[in-house]
Amino acid sequence: MKRTVIPLTICCTCALICVISTIYFHFFYPPTIEKIQIASFWVDLMIGLATVGSTIGAFIIAIKSPFWIQNANKTELQLVIKNDFPYRNKTIINEVRIERRPKIDHDENGWPKTSWEKTEKEFHYPTFFYRLKIENVTNKQALNVQLYLEHLRKKGSEQDLDNFLPMFLRWSYTKQIQSDKIIHGMGRYCDFFHICKNKKYLQFDCEENMSTNDMINNTIADPGEYEITLLLGAENSKTIKRYLINLNYKQYWDSDNLDNNPCDIITNISIKEI
């Protein structure tokens, strides 16, 4: 605010001096008693107007300064996603499962007995991760940035999927749901969802994927077109932005022919602010 008020004050002062000098040399030189009286009247009038203007300006600054100070550090964020690298990245997920197998043995009396033997088996799943990029488009750093998965619906439906729970998304390469800051002019990636080969669903990367015996939360099991609503905000953002993402999940990844053709699995992703 100082960078605006101080130059403005200097400019107004210089302009006032120029106006007084111009009036004096044009109308009141050479000086006479009558001209001096007229000049004195105009000078007093200008000083009075300047005083009133300064008082009004100071009053406006005093009223508006909290608003200006509050909005001085506001930032604006933008959400981007594309069906291409680096928004889509292929990797391998390693999963360890514990299997129990019956083992037949004999006790000290020679009677057969059954015990259970635990073994660990490791599975490797080729996986496509889809990510969102959050960009800071202002010259202020964004603080405590979060991205919230608000709705997950079949296209044309007004009801969320049965297994949907609103949750925060996780930042890429971490399990955190909050980014401390995003420097101005830069961006950061947030995990959106992933698709594992030979698994019959698409899984969103939320803060906690709670599951039951018969249902895994925040997944898309059936291929089709879906609408996803996301909220993007920060501690010092101007507003909370709402985005609508249209997703066309065409087919399961259950064929080797799709290993290098992810666009045949997710055929379209589009985003717009609403």
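Report on the accompanying structure.

Calculation rules
- Think of each chain on its own: its residues are numbered from 1, step by step along the sequence as written.
- Restriction of local features to residues with pLDDT of at least 70 applies here, the model being predicted, together with a cutoff of 80 or more for giving and counting side-chain atom pairs; totals for whole chains, interfaces and linings are based on all residues.
- Side-chain metrics rest on all non-hydrogen atoms present in the structure, leaving aside hydrogens and water.
- Runs of E in the DSSP output that reach at least two residues are strands. Runs of H or I that reach at least four are helices, and both are numbered from the N terminus.
- Think of it in three bands: with a 1.4 Å probe and only protein chains considered, a residue is buried below 20% of the maximum accessible area for its type, exposed above 50%, and partly exposed in between.
- Any two residues having at least one pair of non-hydrogen atoms within 4.5 Å are treated as being in contact.
- To be clear on the numbers: accessible area is Shrake-Rupley with a 1.4 Å probe, and residue cover counts the displayed protein chains and nothing else.
- Only buried residues count toward a nonpolar core. Its members are Ala, Val, Leu, Ile, Met, Phe, Trp, Tyr and Cys residues joined through side-chain atoms within 4.5 Å.
- Criterion for a salt bridge: a side-chain nitrogen of Lys or Arg within 4 Å of a carboxyl oxygen of Asp or Glu.
- Cavity and pocket criteria rest on a 1 Å grid covering protein atoms alone: a 1.4 Å probe that fits but cannot get out defines a cavity, protein on both sides within 12 Å along at least 5 of 7 lines defines an open pocket, and an atom within 4 Å of a point defines a lining residue.
- Grid points are joined across faces, edges and corners, and a volume is the space filled by probe spheres set on the points.
- Each residue receives one of three labels: charged for Asp, Glu, Lys and Arg, nonpolar for Ala, Val, Leu, Ile, Met, Phe, Trp, Tyr, Cys and Pro, and polar for the others, Gly being one of them.
- For two strands to count as paired, DSSP must find a minimum of two bridges between them.

What follows covers the overall build of the chain. Counting secondary structure elements, the chain contains two helices and twelve strands. Out of the 274 residues in the chain, the part that is buried amounts to 30%. Across the chain, the fraction of contacts at a sequence separation of at least 24, relative to all contacts at a separation of at least 6, is 65%. Entry remark: accessible area of the chain is about 17700 Å², with carbon and sulfur atoms responsible for 56%.

Take the nonpolar core next. Judged by nonpolar contacts, the single largest core of 39 residues is most densely connected at Leu132, Ile134, Phe192, Phe193, Phe204, Leu230 and Ile266. Of all the elements in the fold, those that place two or more residues in this core are β1 (77-80), β3 (112-136), β4 (142-154), β7 (187-196), β8 (202-204), β10 (224-233), β11 (241-249) and β12 (266-273). In terms of residue count, the dominant contributor to this core is β4 (five residues). Beyond its immediate stretch of four places on either side in the chain, Ile134 contacts Leu77, Gln78, Leu79, Val145, Leu147, Trp171, Ile182, Met186, Gly187, Arg188, Cys190 and Leu232.

A few words now on unusual backbone geometry. Between Phe85 and Pro86 the backbone carries a cis peptide bond, its omega angle lying at 5°. Looking at the element boundaries, Pro86 is found in the loop between β1 and β2 (88-106). Phi at Asn198 is positive, roughly 70°, even though this residue is not glycine. Summarising the element assignment, Asn198 is placed in the loop between β7 and β8. What makes Asn198 exposed here is its relative accessible area of 52%. With a phi close to 55°, Asn218 is a non-glycine residue in the positive phi region. Within the fold, Asn218 resides in the loop between β8 and β9 (219-220). Its relative accessible area of 0% is what places Asn218 among the buried residues.

To continue, consider the pattern of salt bridges. In the structure shown here, the tally under the stated rule is nine salt bridges. One salt bridge in this structure joins Asp256 and Lys197, with 2.5 Å as the shortest N-O distance. A residue pair is termed long-range when its members are at least 10 positions apart, and Asp256 in the loop between β11 and β12 and Lys197 in the loop between β7 and β8 qualify at 59 residues. Through salt bridges with shared partners, a single ionic network connects Lys197, Asp256 and Asp259.

This paragraph deals with the layout of surface pockets. In this structure, the second largest pocket occupies an estimated 300 Å³ of space. Along the walls of the second largest pocket sit Asn89, Thr91, Phe129, Arg131, Arg170, Ser172, Tyr173, Thr174, Lys175, Asp191, His194 and Asp205, which together make up its complete lining. For the lining of the second largest pocket, the secondary-structure elements that each account for two or more residues are β2, β3 and β7. The class makeup of the residues in the lining of the second largest pocket is two nonpolar, five polar and five charged.

This part takes up the pairing of β7. Of all ten residues making up β7, seven are buried, and the element is well covered by its neighbours. Pairing between β7 and β8: three bridges, direction antiparallel. Paired with His194 across the strands is Gln203, a residue of β8.

Mapped onto the fold, Thr114 is located in strand β3. Here Thr114 falls in the exposed class, since its relative accessible area comes to 53%. For the pair Thr114 and Pro102, spaced twelve residues apart in sequence, the C-alpha separation works out to 6.5 Å. Not counting chain neighbours up to four residues away, the residues in contact with Thr114 comprise Pro102, Lys103 and Ile104.

Our focus in this paragraph is the pairing of β10. Within β10, eight of the ten residues are buried, leaving the element largely enclosed by the surrounding structure. The pairing of β4 with β10 spans eight bridges and is classified as antiparallel. Following the sheet pairing, Gln146 is matched in β10 by Gly233. Two elements, β10 and β11, share nine bridges in a ladder whose sense is antiparallel. Residue pairing for β11: Leu232 is matched across the bridge by Lys241.

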